[in-house]
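# A closer look at the structure
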Amino acid sequence: MPHVRRPRRAGLLAAAALGLAALTVPNAASATPPPVDHVNLGDSFSAGSGILPLAEGSNPLCTQAAANYAHTLAEEYGHALTDVSCGGAQTSHFTSSQFPGVAPQADALSEETDLVTMTIGGNDNNTFISAVLACGSAGLLTFGHGSPCQNIYGDTFEDAVRTSTYANVVEALKTVRAKAPDARVAISGYPWLLPPTGGCFPFMPIARGDVPYLRDLQTTLNDAVERAAKATGAVYVDQSAASEGHDACQPLGTRWIEPAFGSLNYVPVHPNALGERGMAEQFAATLNLR
């Protein structure tokens, strides 16, 4: 009877239409999420200064390498990376231009930023770099003997790091948080430049007695960075254990840091490509990236 069959046919058509809709409308639960919006800030240890080739599109004055830790992370985890790290940067360059035509680094941040990575603080007030240069000069004058740098400068460098550098890093991290309120912010410590004792004069021209002195200063610097991270809710990425035994006195293929003399990087006493990859692995492990 026609009046019986008509509803059954209508039901089949409705079911077919629903099935077609299920095939053509994307399932929100299975849609591919957008890539992580990743911004990399910071100094030469962030930029990978000294490693070739330079990052495509980067300002040559910033000596930013294509193989720095941020580029390594972005390639491995599919991040959408904006890298404004720049060799020689201080915390002040988060809010002011470092070179003509180079915008303040914090300008790269926005409410859409998901992840911020950086190393910063080592250049502030030129404290750490001044200590390395001063100790190197003193070591050359004594042919690697004694502790001339410690004898001359005592606690001067450490006191500056504990007070001025710490405060500067706190302010820099607050700036980042204000610009990128929803981002995970991760700041790295600096990998070891020297072994605990002994050294490798003249490749690193630090007098034997000043090697522990500079290690202590670097410990103080990393402690200041870690305390600043805790004070501002950032994640501290500790490089100390991972970089132990990979300092500038180790052979090629083991060292993460190139020595002052005999460097394969055009910027010595900085991480090589192996070092940047090692730092990237610590970021990934600390942040539990997947």
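The structure contained in this document is the topic of the report that follows.

How each quantity is defined
Residues numbered from 1 in each chain as written. Predicted model: local features only at pLDDT ≥ 70, side-chain atom pairs only at ≥ 80, totals over all residues. Heavy atoms only, no water. Helix = DSSP H or I, 4+ residues; strand = E, 2+ residues; numbered from the N terminus. Contact = heavy atoms within 4.5 Å. Axes fitted to C-alpha atoms, helices over the stretch in contact; angles between N-to-C directions. Parallel < 35°, antiparallel > 145°, perpendicular 65-115°, else oblique. Left-handed = near helix turned anticlockwise from the far one by under 90°. Nonpolar A, V, L, I, M, F, W, Y, C, P; charged D, E, K, R; others polar. Phe/Tyr/Trp six-rings, centres within 6.5 Å; stacked < 30°, edge-to-face > 60°. Lys NZ or Arg CZ within 6 Å of the ring centre and 35° of its normal. 1 Å grid on protein atoms, 1.4 Å probe; cavity = no way out; pocket = protein on both sides within 12 Å on 5 of 7 lines; lining within 4 Å. Points joined across faces, edges and corners; volume = space filled by probe spheres on them. Pairing = 2+ DSSP bridges. Disulfide = S-S within 2.5 Å. Buried < 20%, exposed > 50% of the residue type's maximum accessible area, 1.4 Å probe, protein only.

## Some thoughts on the environment of A234
Structurally, A234 is set in the loop between helix 7 (211–232) and strand 5 (235–237). Separated by 51 residues in the primary sequence, A234 and A183 place their C-alpha atoms 9.7 Å from one another. Those residues in contact with A234, other than ones at most four positions away along the chain, are L173, V185 and A229.

## Observations concerning the packing of helix 4 (residues 127–141) against helix 6 (residues 156–179)
Relative orientation of the contacting elements helix 4 and helix 6 amounts to 165 degrees, with a least axis distance of 10 Å. As summarised for this structure, helix 4 and helix 6 are arranged roughly antiparallel, according to the angle between their axes. Read as a crossing pair, helix 4 and helix 6 show a hand that is left-handed. Of the residues in helix 6, those in contact with T127, S130, A131 and A134 of helix 4 are F157, A160 and V161. Each residue belonging to the contact of helix 4 with helix 6 can be placed in one class, and the counts come to five nonpolar, two polar and no charged.

## Focus on the packing of aromatic side chains
Under the counting rule described, the total for this entry stands at three aromatic pairs. With 4.9 Å between their ring centres and 35 degrees between their planes, Y153 and F157 make a pair best called tilted. One residue, R215, lies across the ring of W192, its end atom 3.6 Å from the ring centre. Between the NZ or CZ atom of R227 and the centre of the ring of Y166, over which it lies, the distance is 4.3 Å.

## Some thoughts on the layout of surface pockets
In this structure, the largest pocket spans a volume of roughly 470 Å³. What lines the largest pocket is a set of 28 residues, and nearest its centre among them are I129, V132, L133, V269 and H270. Counting only elements with at least two residues in the lining of the largest pocket, the list comes to helix 2 (44–47) and helix 4. The residue makeup of the lining of the largest pocket, split by class, is 16 nonpolar, 11 polar and one charged. Here the second largest pocket defines a volume of roughly 150 Å³. Every residue along the wall of the second largest pocket is listed here: G57, S58, N59, C62, Q64, D83, V84, S85, C86, V102, A103 and P104. Residue composition of the lining of the second largest pocket, grouped by class: six nonpolar, five polar and one charged.

## Examining the sheet that holds strand 1 (residues 37–42)
Strands belonging to one sheet form pairs held by backbone hydrogen bonds; the direction of such a pair is parallel or antiparallel. Read across the open sheet, the five strands follow the order 2-1-3-4-5; overall the sheet is parallel. Lying at the two open borders of the sheet, with one neighbouring strand each, are strand 2 (80–83) and strand 5. Averaged over all adjacent pairs, the angle separating strand axes in this sheet is 20 degrees, with direction ignored. Two elements, strand 1 and strand 2, share four bridges in a ladder whose sense is parallel. If you follow H38 over to strand 2, its bridge partner there is L81. Against the sheet, helix 6 contacts strand 1, strand 3 (115–119) and strand 4 (184–188), and its axis sits at roughly 155 degrees relative to strand 4. Across the face of the sheet, helix 9 (residues 273–287) comes into contact with strand 3, strand 4 and strand 5 while running at roughly 145 degrees to strand 5.

## Describing the state of the cysteines
Put plainly, a disulfide is one covalent bond tying together the sulfur atoms of two cysteines. This structure, assessed with the given rule, holds three disulfides. Across the disulfide from C62 sits C86; the S-S distance is 2.0 Å. On the sign convention where negative means left-handed, the S-S torsion of about -85 degrees between C62 and C86 marks this disulfide as left-handed. One end of the pair, C62, is in the loop between helix 2 and helix 3 (69–77); the other, C86, is in the loop between strand 2 and strand 3, with 24 residues separating them in the sequence. Residue C62 shares its accessibility class with C86, and that shared class is buried. Shown here for the protein is a disulfide pattern of 1-2, 3-4, 5-6, where each number marks a bonded cysteine counted in sequence order.

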